[in-house]
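Chains, contacts and geometry: an overview
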Number of protein chains: 2
Amino acid sequence: MTVSRTLHRPDRVSAATAKKVLASIQELGYRPNKQAGLLASGRSQLVAALIPNIASPMFAESVQGLSDHLHESGLELMLAPTGYSIGREEQQLRAVMGWAPAAIVVTGRLHTAGARALLEEVRASNTPVIEWWDRRDSSRGSGFAQIGFDHRDAGVMMARHLLERGYRKLAYVDSGVPEDFRAHERGEGFLEAVGVAGGLGTVYVAERLEPLAAGRRMLQALCESGLPEALAFANDQLAAGAILQALELGISIPGQLAILGFGDFPIAAQLAGGLSTVWVPRYEMGAAAARTLLAALAQDPVPDLPSLEPTIVQRAST
Amino acid sequence: MTVSRTLHRPDRVSAATAKKVLASIQELGYRPNKQAGLLASGRSQLVAALIPNIASPMFAESVQGLSDHLHESGLELMLAPTGYSIGREEQQLRAVMGWAPAAIVVTGRLHTAGARALLEEVRASNTPVIEWWDRRDSSRGSGFAQIGFDHRDAGVMMARHLLERGYRKLAYVDSGVPEDFRAHERGEGFLEAVGVAGGLGTVYVAERLEPLAAGRRMLQALCESGLPEALAFANDQLAAGAILQALELGISIPGQLAILGFGDFPIAAQLAGGLSTVWVPRYEMGAAAARTLLAALAQDPVPDLPSLEPTIVQRAST
DNA sequence: TTGTAAGCGTTATCAT
DNA sequence: ATGATAACGCTTACAA
């Protein structure tokens with residue numbers, strides 16, 4: 001008991017005892033067993049994050065942001081990939097809950113009914129639940145903490161950017177991942193904004209290949225069936241593929257075809273002249289999730305968060 | 001006790017009892033507490049992986065490979081980033097060991113003395129320790145299971161590829177991350193092979209910027225100080241940056257300058273004409289680590305692993 | 001096939 | 001300021 005106190009409440013132990021305890025810890029190489037600690041205290045030091053894909057650059061930086069701030073506070077990160085499937089997400093959620101995590105982070109606001117019930121249960125036990133990478137103001141109150149931005153609005157922003165620059169025949173290229181709801185929502189917002197402005201909007205779906213290759217193929221296909229004036233993509237990788245293909249075909253950008261990406265990945269800044277795109281606070285969402293969740297665990301008020309709105313980055317391709 | 005048995009050794013429970021138990025589990029929403037299970041059994045269902053950087057595409061796919069195969073067997077993955085620092089690695093190792101993981105995966109074969117002692121301790125308790133992303137045959141026997149390839153050999157292979165194609169004035173561009181020992185070792189192997197062949201070898205160190213930008217800057221700098229005949233890079237991102245810059249400067253590739261990357265990331269196949277590079281079994285290392293570790297946990301013999309040797313991918317840039 | 005008792009390593013609580 | 005005792009929820013070992 002004195003050892004436990006020395007480690008957790010040093011102010012409640014005399015200096016002399018503390019010194020002896022620490023010396024013994026050093027000498028014996030004692031490391032507390034966290035599982036036992038959790039079992040006794042009911043407080044875990046684990047945060048579980050469920051994300052569609054670990055290898056995707058979209059989420060990797062958010063995970064890094066989360067991880068950086070979590071480790072500063074002595075929390076460990078448990079990662080569970082869902083493969084962009086909400087069914088899989090429910091399974092993973094079930095598995096992860098067995099660890100009694102201190103907080104749970106899930107991607108997006110769309111879940112199976114079962115997953116939603118599990119999350120409600122988690123929240124009912126005073127464990128923070130955070131949805132990141134999405135937010136819809138209308139659904140607040142009913143839901144969990146949302147750290148992200150509205151993808152429909154982002155789609156609207158993309159369309160408006162193109163419309164403002166005079167393009168009228170527009171198309172959105174979706175990623176071809178059936179359950180990437182956020183990409184679909186951007187497409188919906190895009191289409192709607194084009195319609196409102198009296199433009200001509202279409203949605204295409206990329207093949208489910210490696211994205212640079214899929215972008216190339218998409219441009220190839222459109223060349224044969226007829227190019228719009230501007231093309232907005234679900235992500236920079238698709239857009240970069242299209243630009244590379246356009247360069248090879250001698251299609252001038254943005255003269256014959258304007259191209260807009262999403263994500264503002266490094267390649268966007270480096271590609272011939274620069275790819276116009278949408279900057280997304282990837283790392284910041286992770287950091288914000290960590291800050292929010294730490295505050296909730298400490299019963300502190302919700303911290304002020306930086307704006308997490310995406311913004312258009314204008315380069316040479318639009 | 002009957003519940004525990006129903007869940008873990010269903011063959012030891014009568015069908016009728018099992019049915020009743022499962023019905024109750026369903027009805028009550030019972031989920032076993034894994035912490036308590038571990039505490040009682042001494043067997044954890046957690047695998048800890050320590051990697052330099054979660055957001056780096058180098059490791060992300062290995063993590064995905066590990067994760068995919070782990071989850072199939074009901075093991076959870078705990079990730080700890082070390083920021084390319086072996087000091088940080090030791091800290092993380094200490095933290096992670098508090099969870100009594102079922103197995104530990106660390107990146108590379110170079111660790112602090114303290115970390116090495118901790119890993120020995122882990123192994124002494126019959127917990128598998130795997131070093132991935134590196135392997136040195138001479139150090140086997142003294143060490144842990146190594147899943148990866150020899151980076152010095154990879155450097156030699158890169159140099160030989162360039163030498164065979166007639167280039168004599170060669171340079172290797174290192175990544176600029178001080179503790180990326182594997183990139184340094186590739187550079188050493190490269191230099192040595194060039195020396196042996198009687199060529200002229202140099203090592204440059206890229207600025208520590210976003211890698212595409214650093215590759216651009218490196219090429220710019222070399223243009224001013226004098227280009228070699230061929231340039232090998234520590235990774236494809238640096239090489240891609242150099243190619244983009246060369247295109248803008250009108251330097252012909254491989255005519256005036258040959259360029260070789262490392263990693264075989266998607267961009268290598270898509271870049272103007274194609275970047276020659278070294279394919280690395282990123283996902284496969286993750287999968288192999290999982291298979292090795294599962295076999296060790298099951299006391300099965302070490303499984304046959306596919307070859308994890310990198311190979312040269314010849315494209316237009318060399 | 002089922003059930004009982006003990007104990008895993010910690011922390012909460014209360015007594016000293 | 002320190003220590004004794006009883007949990008935490010499960011599994012092991014053994015008994016019925």
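Everything numeric in this text was worked out from a predicted model, so none of it was measured.

Observations regarding the packing of helix α4 (residues 57–72) of chain B against helix α12 (residues 282–297) of chain B
Between two packed helices, the angle of one axis relative to the other and the distance separating the axes together describe the packing. Residues and elements named next belong to chain B. Look at α4 against α12: their axes get within 7 Å of each other, and the N-to-C directions meet at 35 degrees. For the element pair α4 and α12, the recorded crossing hand is right-handed. Contact with α4, carried on its side by M58, E61, S62, V63, Q64, G65, L66, H69 and L70, involves R282, Y283, E284, M285, G286, A287, A289, A290 and R291 of α12 and no other residues of that element. Of the residues belonging to the contact of α4 with α12, the class tally is nine nonpolar, five polar and four charged.

Focus on the interface of chain B and chain A
Listed by partner, the interface residues are 36 residues for chain B and 36 residues for chain A. For the side of chain B that touches chain A, the secondary-structure elements that each account for two or more residues are α3 (34–41), α4, β2 (76–81), α5 (86–97), α9 (211–225), α10 (236–249) and α11 (266–270) of chain B. Of the residues belonging to the side of chain B that touches chain A, the class tally is 22 nonpolar, seven polar and seven charged. Pairing of strand β2 (residues 76–81) of chain A with β2 of chain B, which is carried by three bridges, proceeds in the antiparallel orientation. Paired with M78 of chain A across the strands is M78 of chain B, a residue of β2 of chain B.

Examining the domain arrangement of chain A
Residues and elements named next belong to chain A. By domain assignment, chain A separates into domain 1 (1–32), domain 2 (39–149 + 282–306) and domain 3 (151–279). Averaged C-alpha coordinates put domain 2 and domain 3 at centres separated by 30 Å. Across the boundary between the two partners, domain 2 contributes ten residues, which contact ten residues of domain 3. Broken down by class, the residue content of the side of domain 2 that touches domain 3 amounts to seven nonpolar, two polar and one charged.

Digging into the protein's contact with DNA strand C
Surrounding DNA strand C, one finds 18 residues, the nearest of these being S4, A36, G37 and A40 of chain A together with T17 of chain B. Where the surface near DNA strand C is concerned, the elements lending two or more residues are α1 (2–8) and α3 (34–41) of chain A together with α3 of chain B. In terms of residue count, the dominant contributor to the surface near DNA strand C is α3 of chain A (five residues). Among the residues forming the surface near DNA strand C, the class breakdown is nine nonpolar, eight polar and one charged.

Comments concerning α5 of chain B
Residues and elements named next belong to chain B. When the terminal C-alpha atoms of α5 are compared, their 16 Å separation across twelve residues agrees well with the 16 Å that a helix rising 1.5 Å per residue should span. Every buried residue of α5 is accounted for by I86, E89, E90, Q92, L93, V96 and M97. Buried residues of α5 fall within an arc of 170 degrees about the axis and therefore sit on the same side. Looking at the buried residues of α5, the elements they touch are β1 (46–51), β2, β3 (103–107) and α6 (113–124).

Structural notes on the relation of the copies chain B and chain A
Turning chain B through 180 degrees and shifting it by 0.0 Å along the axis lays it on chain A, with an RMSD of 0.1 Å. Classification of the inter-copy transformation places it as that of a two-fold axis. The position closest to the rotation axis in chain B is occupied by the C-alpha of M78 of chain B, lying 2.2 Å away.

What about the sheet that holds strand β5 (residues 145–147) of chain B?
What the ten strands build is an open sheet, ordered β5(A)-β4(A)-β3(A)-β1(A)-β2(A)-β2(B)-β1(B)-β3(B)-β4(B)-β5(B); its pairing is mixed. Each of the sheet's edge strands pairs with one partner strand only, and the pair in question is β5 (145–147) of chain A together with β5 of chain B. For this sheet, the mean inter-axis angle between neighbouring strands, taken without regard to orientation, is 25 degrees. Relative to strand β4 (residues 129–132) of chain B, β3 of chain B is paired through four bridges, and the arrangement is parallel. Its bridge partner lying in β4 of chain B, V105 of chain B is registered against I130 of chain B.

Comments concerning the protein's contact with DNA strand D
Of all residues adjacent to DNA strand D, which total 18 residues, the nearest are S14 and T17 of chain A together with S4, A36 and A40 of chain B. Counting only elements with at least two residues in the surface near DNA strand D, the list comes to α3 of chain A together with α1 (2–8) and α3 of chain B. Broken down by element, the surface near DNA strand D gets its largest block of residues, five residues, from α3 of chain B. Looking at side-chain class alone, the surface near DNA strand D contains nine nonpolar, eight polar and one charged residues.

Structural notes on the pairing of β2 of chain B
Residues and elements named next belong to chain B. Taken across its six residues, β2 has six buried, putting it largely inside the fold. Of the two faces of β2, both are covered, the one formed by E76, M78 and A80 as well as the one formed by L77, L79 and P81. In this sheet, β2 lies alongside β1 in parallel orientation, the contact comprising six bridges. Pairing of A48 across the sheet is with M78, part of β2.

Quick notes on unusual backbone geometry
Across the junction of I253 of chain A and P254 of chain A, the peptide omega takes the value 5 degrees, indicating a cis bond. One non-glycine residue with positive phi stands out, namely A100 of chain A, at about 45 degrees. For A100 of chain A, the location among the structural elements is in the loop between α5 (86–97) and β3 (103–107). Non-glycine residue N126 of chain B carries a positive phi angle of around 65 degrees. Among the structural elements, N126 of chain B can be located in the loop between α6 and β4.

Focus: the sheet that holds strand β8 (residues 230–233) of chain A
Residues and elements named next belong to chain A. Within the open sheet, the four strands sit side by side as β7-β6-β8-β9. Their pairing is parallel. Edge positions in the open sheet fall to β7 (200–205) and β9 (258–260), since each of these has one partner strand only. Adjacent strand axes in the sheet meet at a mean angle of 20 degrees, parallel and antiparallel pairs treated alike. Of the strand pairs in this sheet, strand β6 (residues 169–174) and β8 are connected by four bridges, and their pairing is parallel. Bridging across to β8, L170 finds its partner in A230. Contacts between helix α7 (residues 151–164) and the sheet are confined to β6, β8 and β9, with β9 contributing the most and set at about 155 degrees to the helix.

Observations concerning the environment of A242 of chain B
Residue and element names in this part refer to chain B. Topologically, A242 is positioned in helix α10. C-beta crowding within 10 Å serves as the criterion here: with 30 such atoms nearby, A242 is assigned to the buried category. A242 has contacts with G215, R216, M218, L219, L231, F233 and I259, leaving out every residue within four places of it along the chain.

Thresholds applied
Residues numbered from 1 in each chain as written. Chains lettered and ligands numbered in written order. Predicted model: local features only at pLDDT ≥ 70, side-chain atom pairs only at ≥ 80, totals over all residues. Axes fitted to C-alpha atoms, helices over the stretch in contact; angles between N-to-C directions. Helix = DSSP H or I, 4+ residues; strand = E, 2+ residues; numbered from the N terminus. Left-handed = near helix turned anticlockwise from the far one by under 90°. Contact = placed C-beta atoms within 7 Å. Nonpolar A, V, L, I, M, F, W, Y, C, P; charged D, E, K, R; others polar. Pairing = 2+ DSSP bridges. Domains from an automatic or database assignment. Near = placed C-beta within 6 Å. Expected span 1.5 Å × (residues − 1). Buried ≥ 20, exposed ≤ 12 C-beta atoms within 10 Å, placed from the backbone. Arc of directions from axis to C-beta. Least-squares fit on C-alpha atoms with pLDDT ≥ 70 in both.

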